[in-house]
Amino acid sequence: RVDLARRLRGVTDIPPARTTPHNYMLGTRELLWAQDISNDRTIQVDAVLRGIGEHVYVWVDSTAQLTNADAQILADNFDTQIYHQVRELWGTEASPGIDGDTRLHILAAHGLGNTVAAYFASRHAYPEEIVGTSNEREMFFINLDGIGGDITNILAHEFQHMIRMNLDDDEETWLDEGFSTFTELYLGFDDNLWMAGSFFSNPGTQ
């Protein structure tokens, strides 16, 4: 992305990443960029910071019914069931990242489309000068219109994608998805066991 911005858009002034993190507090409100995957459009979400964990901030769409307690459970689950386990398996994300903070960011929002439960978007790890709709932080997104119940396995899946970007930002998509699905199984989540059967029945298909 940096190379393309320089060659095709003539971008020359690219600021360095922050060296000190923002001082976020519960209740902080920001307009954050997100993708409506179904309609292939960029939207802005009025988001409120409702949970702060040791390794993650949890932002919530201001129109959602999630409380601070709900968001904190999400943050605690990420800290205790995902963060260290996935890092031990694969390696580390960019840390501290573009925002100078070792904490990651999750945005739980409505309006992200009807075909996705969650996603990681690498565009937000770049400065606005490179990607105009960057939130300038390492983050992934939870679709409140497409999930229900425990989503710990989904967070593990998306965290692998974030780590993969740092390790190999040009990985084949099918292999990257395989790594994430394996991560879910490795951590004990069996929601996607049916995929193994599907592969064994047709192993010639990636």
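Placed above this text is the structure.
Worth saying up front: this structure is predicted, and the values here are computed from it rather than measured. (Residues numbered from 1 in each chain as written. Predicted model: local features only at pLDDT ≥ 70, side-chain atom pairs only at ≥ 80, totals over all residues. Heavy atoms only, no water.)

### Quick look at the overall build of the protein chain
Here's step 1: When its secondary structure is counted, the protein chain shows five helices and six strands.
Here's step 2: Going residue by residue from the N terminus, the α and β elements of the protein chain occur as α-β-β-β-α-β-β-β-α-α-α.
Here's step 3: The burial tally for the protein chain puts 43% of its 206 residues in the buried class.
Here's step 4: In the protein chain, of all internal contacts separated by at least 6 residues, the share reaching a separation of at least 24 is 64%.
Here's step 5: When the accessible surface of the protein chain is summed, it comes to about 10700 Å², and 50% of that surface belongs to carbon and sulfur atoms.
Here's step 6: Taking the average location of the 13 positive side-chain charges in the protein chain and that of its 32 negative ones, the two points are 8 Å from each other. (Helix = DSSP H or I, 4+ residues; strand = E, 2+ residues; numbered from the N terminus. Buried < 20%, exposed > 50% of the residue type's maximum accessible area, 1.4 Å probe, protein only. Contact = heavy atoms within 4.5 Å. Areas by Shrake-Rupley, 256 points an atom, 1.4 Å probe, with all protein chains shown as cover. Lys, Arg positive; Asp, Glu negative; His and termini not counted. Charge placed at Lys NZ, Arg CZ, Asp CG, Glu CD.)

### Here we look at the sheet that holds strand β3 (residues 56-61)
Here's step 1: Ordered in space as β1-β2-β3-β4-β6-β5, the six strands form an open sheet in which the pairing is mixed. Each edge of the sheet is formed by a strand with only one pairing partner; in this case those strands are β1 (29-36) and β5 (118-120). Shown here is a sheet whose adjacent strand axes are inclined to one another by a mean of 30°, direction ignored.
Here's step 2: Where β5 meets strand β6 (residues 139-143), three bridges bridge the pair, whose relative direction is antiparallel. Paired with Tyr 119 across the two strands is Phe 141, which belongs to β6. (Pairing = 2+ DSSP bridges. Axes fitted to C-alpha atoms, helices over the stretch in contact; angles between N-to-C directions.)

### A closer look at the packing of aromatic side chains
Here's step 1: Across all of its chains, the model carries ten aromatic pairs by this definition.
Here's step 2: Here Phe 78 and Tyr 83 contribute two aromatic rings whose centre-to-centre distance is 6.1 Å and whose plane-to-plane angle is 55°, an arrangement assigned as tilted. Both residues of the pair, Phe 78 and Tyr 83, count as buried.
Here's step 3: Considering the side-chain rings of Phe 78 and Phe 140, the 6.0 Å spacing of their centres and the 45° angle between planes classify their relative orientation as tilted. In this pair, Phe 78 is assigned in helix α2 (residues 68-90) and Phe 140 in strand β6, connecting sequence segments 62 residues apart. Taken as a pair, Phe 78 and Phe 140 share a single burial class, namely buried. (Phe/Tyr/Trp six-rings, centres within 6.5 Å; stacked < 30°, edge-to-face > 60°.)

### A look at the nonpolar core
Here's step 1: Residues Phe 78, Phe 140, Ile 142, Leu 155 and Phe 159 are the most contacted members of the largest nonpolar core, which totals 27 residues.
Here's step 2: Those elements that provide at least two residues to this core are β3, α2, β4 (104-109), β5, β6 and α3 (152-167).
Here's step 3: It is α2 that contributes the most residues to this core, seven residues altogether.
Here's step 4: Counting 17 residues, the second largest nonpolar core, distinct from the first, contains Trp 59, Leu 107, Val 116 and Phe 141. (Core = buried A, V, L, I, M, F, W, Y, C linked by side-chain atoms within 4.5 Å.)

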